There are 2 protein chains.
Amino acid sequence: MKSVINTIYESKIEELKSKITTLSVPVQLTIVTVGDDPASKVYVRNKIRLFDELGLECNHLTLAEETTVQADLDALAANADHPILFQLPLPNGLTAPDLPADIDVDGFGSESLGQLVLGQNTVLPCTVQATIDIISAHCGEHNFAGLKVAVVGRSNIVGKPLAIELINRQSTVASFNSRSDLAAVDWNKYDVIVVATGAHGILDNSQFIEGQLIIDVGINRVDGKLVGDIKHHHGMVTAASITPVPGGVGRLTCLHVLGNAVKLIECSQG
Amino acid sequence: MKSVINTIYESKIEELKSKITTLSVPVQLTIVTVGDDPASKVYVRNKIRLFDELGLECNHLTLAEETTVQADLDALAANADHPILFQLPLPNGLTAPDLPADIDVDGFGSESLGQLVLGQNTVLPCTVQATIDIISAHCGEHNFAGLKVAVVGRSNIVGKPLAIELINRQSTVASFNSRSDLAAVDWNKYDVIVVATGAHGILDNSQFIEGQLIIDVGINRVDGKLVGDIKHHHGMVTAASITPVPGGVGRLTCLHVLGNAVKLIECSQG
């Protein structure tokens, strides 16, 4: 799968570079972080690096955990006139402001999500877009209709919007969550299984068969090592295609922060 | 199932009547119809009758098909200061305005739907609420988590928002559509099957077993008779509980137009 991810990455970045040259307004992004969650630091650094590589402006605001209140975040959102994101998780019960769709680069706000339900959205949440890219590359861009897809996890930022987008594309979608009886599921009948629970070992590579595409969205730290939600049994090789962690969905997700910023700016140009 | 529907209806209407007496603002609703689609006429008449019965104000605007343009509908929406709905289907390529959530009594607008994805909505689309009521009555209000529900159909007004609401309630949800291979599905493994396709005969009563709850949302006219999406084979009795058409989901749906108007007015009172 590593080579598939690389191919998608290379082709998307070329596409973006050429799109950027056609814009009459410069691409801008503001990233807001509060405190210093170590995982957030890595994610933000990767996003900034990508903008730097392409010579684009990424404005990173870091706010102190001790002094930041909800009103500070709300004011930043209210005054933003270009794409902005609030890096999750936020500490101290702070919540990301509900951004209007035209600057909501993460696609997490209620306006973006409502447009998604109606199939009228400009951007998808970045991880959802990355997952769609991988399914497109593996199963064919025009083969979503009738595709049998299991989505394990129902978060607002991955599982739920992914299920909605797949329903929009006429896939047959099964949505599972922590209350589902996963042991009783016949996983082999799905063409694609997307696992986005944040629980390492919730499924393992012995459960899948040749021809299946398994997309591992989880990023967990186990014994100091980054691993996905899927446990890879030592010495066991599966015939299914399973995306790696790290270097799988996450690599493409980062790219779509830029991709979404470009889409929003294209849209604002009309 | 008729008696279950009756019980739900009676209990909901009592609940509504007592809620209405606590409101400090009168319940108001505006229904806009364009042209004279015969099915729409029946639906609207039922809604108005219910408001009349309870002594409430329902303002029905009927616009001529020949002279109404999109700007007329948009102006009505922009000037509305209380719950309003545009009766579907609209003729001549007219579309229902995308209403703000606080007056969107049908719950079809992007703001209502975005809030639904985040679990922050005030109202559900009326047919979705009616379906949830029936599942609650049959399976237990607190038993949605882990319930295996199949939703056949992916319309913006029933199938898609129902799937989202069920995911919010931690059900295990399978979403099927016209591109799904329905003949290959093992229907017996679902606790609940909701059929909302508008295609009579897409499933039939021989496919279900004892203990299953089958909710037929379809309303189709076949040989001058109103029938659901599920074909009832002559002389065959099934052990599953199947909601009747007419007198099933539709009866409760009508009630929730009033229920949603009350919820929106409650909300606006703070």
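Check the entry above for the structure.
What counts as what
- Residues numbered from 1 in each chain as written.
- Chains lettered and ligands numbered in written order.
- Predicted model: local features only at pLDDT ≥ 70, side-chain atom pairs only at ≥ 80, totals over all residues.
- Heavy atoms only, no water.
- Helix = DSSP H or I, 4+ residues; strand = E, 2+ residues; numbered from the N terminus.
- Contact = heavy atoms within 4.5 Å.
- Least-squares fit on C-alpha atoms with pLDDT ≥ 70 in both.
- Patch = residues over 30% accessible without salt bridge, like charges linked within 9 Å, V, L, I, M, F, W, Y side chains within 5 Å.
- Areas by Shrake-Rupley, 256 points an atom, 1.4 Å probe, with all protein chains shown as cover.
- Salt bridge = Lys/Arg side-chain N within 4 Å of Asp/Glu carboxyl O.
- Lys, Arg positive; Asp, Glu negative; His and termini not counted.
- Charge placed at Lys NZ, Arg CZ, Asp CG, Glu CD.
- Buried < 20%, exposed > 50% of the residue type's maximum accessible area, 1.4 Å probe, protein only.
- 1 Å grid on protein atoms, 1.4 Å probe; cavity = no way out; pocket = protein on both sides within 12 Å on 5 of 7 lines; lining within 4 Å.
- Points joined across faces, edges and corners; volume = space filled by probe spheres on them.
- Nonpolar A, V, L, I, M, F, W, Y, C, P; charged D, E, K, R; others polar.
- Pairing = 2+ DSSP bridges.
- Axes fitted to C-alpha atoms, helices over the stretch in contact; angles between N-to-C directions.
- Buried area = accessible area lost by both parts, 1.4 Å probe.
- Polar contact = N/O pair within 3.5 Å; in protein donor to acceptor, adjacent residues only side chain to side chain.

Caption draft 1: Spotlight on the environment of W187 of chain A. Residues and elements named next belong to chain A. The topology assignment puts W187 in the loop between strand 5 (172-176) and strand 6 (192-195). When the C-alpha atoms of W187 and V149 are compared, they prove to be 10.0 Å apart, with 38 residues separating the residues in sequence. If near-sequence neighbours (up to four positions away) are discounted, W187 is found in contact with A150, V152, F176, L182, I193, L203, Q207 and Q212.

Caption draft 2: Expanded view of the relation of the copies chain B and chain A. The transform that puts chain B on chain A rotates by 180° and translates by 0.0 Å along the axis, for an RMSD of 0.0 Å. Put plainly, the chains are arranged around a two-fold axis. By C-alpha distance to the rotation axis, the residue of chain B lying nearest is G114 of chain B, at 1.7 Å. Looking at chain B, 100% of its interface residues are interface residues in chain A too, so the copies touch through the same face.

Caption draft 3: Broad picture of a negative patch on the surface. A contiguous patch of negative charge on the surface is contributed by D98, D102 and E111 of chain A together with D98, D102 and E111 of chain B. Summarising the element assignment, D102 of chain A is placed in the loop between strand 3 (84-86) and helix 4 (110-117). Note on D102 of chain A: relative accessible area 54%, which makes it exposed.

Caption draft 4: Quick look at empty space enclosed by the protein. Residue and element names in this part refer to chain A. According to the stated counting rule, one finds one cavity of 30 Å³ or more in the structure shown. Volume-wise, the largest cavity comes out at about 30 Å³. Forming the walls of the largest cavity are A101, S112, Q115, N121, T122 and V123. Its residues assigned to classes, the lining of the largest cavity shows two nonpolar, four polar and no charged.

Caption draft 5: Quick peek at the sheet that holds strand 3 (residues 84-86) of chain B. Residue and element names in this part refer to chain B. A sheet is described by the order of its strands in space; here three strands give the open sequence 2-1-3, paired in parallel fashion. Two strands bound the open sheet, and with one partner strand each, they are strand 2 (57-63) and strand 3. Pairs of neighbouring strands in the sheet enclose a mean axial angle of 15°, with direction left out of account. The sheet contact formed by strand 1 (residues 28-34) and strand 3 spans three bridges and is parallel. Note that in strand 3 the partner of V32 across the bridge is F86.

Caption draft 6: Quick peek at the pattern of salt bridges. Residues and elements named next belong to chain B. All told, the structure shown has eight salt bridges over all chains when counted by the stated rule. Close ionic contact of K19 with E266 constitutes a salt bridge, the shortest N to O distance being 3.7 Å. Placement of the pair is K19 in helix 1 (residues 2-22) and E266 in helix 7 (residues 249-268), with a sequence separation of 247 residues. Residue class for K19 comes out partly exposed when judged on its relative accessible area of 26%.

Caption draft 7: Structural view of a nonpolar patch on the surface. On the surface, Y43, I219 and L226 of chain A cluster together into a nonpolar patch covering about 230 Å² of accessible area. Accessibility expressed as a relative area gives 40% for I219 of chain A, which makes it partly exposed.

Caption draft 8: Representation of the interface of chain B and chain A in the model. Residue-level contacts link 30 residues of chain B with 30 residues of chain A. Summed over both sides, the interface between chain B and chain A buries roughly 2,600 Å², with carbon and sulfur atoms accounting for 56% of that surface. Here chain B and chain A share zero salt bridges between them. Viewed at the interface, chain A and chain B are joined by 16 residue pairs in polar contact (both at pLDDT 80 or more).

Caption draft 9: Layout of a positive patch on the surface. Residues K148 and K189 of chain A together with K148 and K189 of chain B make up a contiguous surface patch of positive charge. Looking at the element boundaries, K189 of chain B is found in the loop between strand 5 (172-176) and strand 6 (192-195). In this structure K189 of chain B comes out as partly exposed when scored by relative accessible area, which is 32%.

Caption draft 10: Inspection of helix 6 (residues 159-168) of chain B at higher detail. Residue and element names in this part refer to chain B. Where burial is concerned, most of helix 6 is hidden: 10 out of the 10 residues are buried. For helix 6, the complete set of buried residues consists of G159, K160, P161, L162, A163, I164, E165, L166, I167 and N168. A positive backbone phi angle near 65° is found at Q170, which sits one or two residues after helix 6.

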